[in-house]
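# Commentary on secondary and tertiary structure
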Amino acid sequence: MQETLKKEKTFQEKLAKLKKMPDDVDLNREIAILYIHRHQIEKAKPIREKMPDDMDINREFGIFYLSKNEIEKALKISEMMPDDVKLNNEFAMTHLNRGQIEKALPYSQKVLDKDPENRMGLLPDLHLRIGYTYLGMIQNSSGEVKEKNGKNAVKYLQSVIEKYPDSNVFETAQYYLGVTHSLTGDFDKSIEVLEKLMNHTENERMKQSAQSAIQRVKQLAAEAETSEDDN
């Protein structure tokens, strides 16, 4: 409660300052973004009209419109700043949340192209989300499509593990990779990945999840072996 009151007091102080310094660019930008974060979009619009080329304000408007599913409005902003890493990442994530992998990939590629060194820290989460989306597609596919989905899931999840071992999604990527291998029938590889995770993680919940997954994979492997013997 105290933190909320403190933030509101600070915000009101900034508004009072803006009245005295209406042409201060940085202050206008800060106030506009605060309005957007407070979902007071109509109050932010006059500032955007005054500063139509401000990338930070436009980016925040684009992200807001995406969160409200106003895709066309977000697209218009994207056309103004097609190479903006954060906005492209938001577009990719929005499409991934809808399971629209083909629409997400062009935006994710722009993020990678413009920030290959991951200076903005977006790539681990983005690659994890792409890998997870492909993982979800494995169960609803078969034949060559299933194999392709599996390979793509492995590709993106493995990239998190190999390139971003210090990221906060490193262990989650390991877990999903283990699940991916189990769904594609590579039970030995699945167990190997999950056992490695279980042995090094300090997160008890993750350890239990990995242990439970290993038990399920071993059961699936046994059932598959029995089925082969019967045939």
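You'll find the structure just up there.
Residues numbered from 1 in each chain as written. Predicted model: local features only at pLDDT ≥ 70, side-chain atom pairs only at ≥ 80, totals over all residues. Heavy atoms only, no water.

## A word on the overall build of the protein chain
From N to C terminus, the protein chain includes 12 helices and 0 strands. Starting at the N terminus, the α and β elements of the protein chain follow one another as α-α-α-α-α-α-α-α-α-α-α-α. Relative to the compact-globule value of 17 Å for 231 residues, the protein chain shows a C-alpha radius of gyration of 23 Å, a clear excess of over 25%. If you line up the protein chain on its principal axes, its C-alpha atoms span 80 × 40 × 30 Å. A separation of at least 24 residues holds for 47% of the contacts in the protein chain among residues at least 6 apart in sequence. As presented, the protein chain carries roughly 14100 Å² of accessible surface, and 48% of it is formed by carbon and sulfur atoms. Measuring between centres, the 35 positive side-chain charges of the protein chain sit 8 Å from its 40 negative side-chain charges. (Helix = DSSP H or I, 4+ residues; strand = E, 2+ residues; numbered from the N terminus. Rg over C-alpha atoms; globule rule 2.2 N^0.38 Å. Contact = heavy atoms within 4.5 Å. Areas by Shrake-Rupley, 256 points an atom, 1.4 Å probe, with all protein chains shown as cover. Lys, Arg positive; Asp, Glu negative; His and termini not counted. Charge placed at Lys NZ, Arg CZ, Asp CG, Glu CD.)

## Regarding the nonpolar core
Side chains that are nonpolar tend, in soluble globular proteins, to be buried together. If you look at the biggest cluster of nonpolar residues, it comprises 54 residues, and the most contacted ones within it are Ile31, Phe61, Leu126 and Ile130. With 9 residues, the next largest nonpolar core counts Leu128, Leu157, Val169 and Leu177 among its residues. (Core = buried A, V, L, I, M, F, W, Y, C linked by side-chain atoms within 4.5 Å. Buried < 20%, exposed > 50% of the residue type's maximum accessible area, 1.4 Å probe, protein only.)

## Re helix α7 (residues 101–114)
The end-to-end C-alpha distance of α7, which contains 14 residues, comes to 20 Å, matching closely the 20 Å that a straight helix rising 1.5 Å per residue would cover. Within the span of α7, buried status applies to Ile101, Ala104, Leu105, Tyr107, Ser108 and Val111. Among the structural elements, α5 (71–80), α6 (85–97), α8 (123–138) and α9 (143–163) are those in contact with the buried residues of α7. (Expected span 1.5 Å × (residues − 1).)

## Some words on the layout of surface pockets
Approximately 160 Å³ is the volume found for the largest pocket. In terms of lining residues, the largest pocket is bounded by Leu105, Ser108, Gln109, Leu112, His127, Ile130, Lys155, Tyr156, Ser159 and Lys163. Mapped by element, the contributors of at least two residues to the lining of the largest pocket are α7, α8 and α9. A per-class count over the lining of the largest pocket returns 4 nonpolar, 4 polar and 2 charged. (1 Å grid on protein atoms, 1.4 Å probe; cavity = no way out; pocket = protein on both sides within 12 Å on 5 of 7 lines; lining within 4 Å. Points joined across faces, edges and corners; volume = space filled by probe spheres on them. Nonpolar A, V, L, I, M, F, W, Y, C, P; charged D, E, K, R; others polar.)

## A word on the packing of α5 against α6
At a minimum axis distance of 11 Å, the contact between α5 and α6 shows a crossing angle of 150 degrees. Classified by the angle their axes make, α5 and α6 are roughly antiparallel. Crossing geometry of α5 relative to α6 is assigned as left-handed. Residues Ile71, Ala74, Leu75, Ile77 and Ser78 of α5 pack against Leu87, Phe91 and Thr94 of α6. (Axes fitted to C-alpha atoms, helices over the stretch in contact; angles between N-to-C directions. Parallel < 35°, antiparallel > 145°, perpendicular 65-115°, else oblique. Left-handed = near helix turned anticlockwise from the far one by under 90°.)

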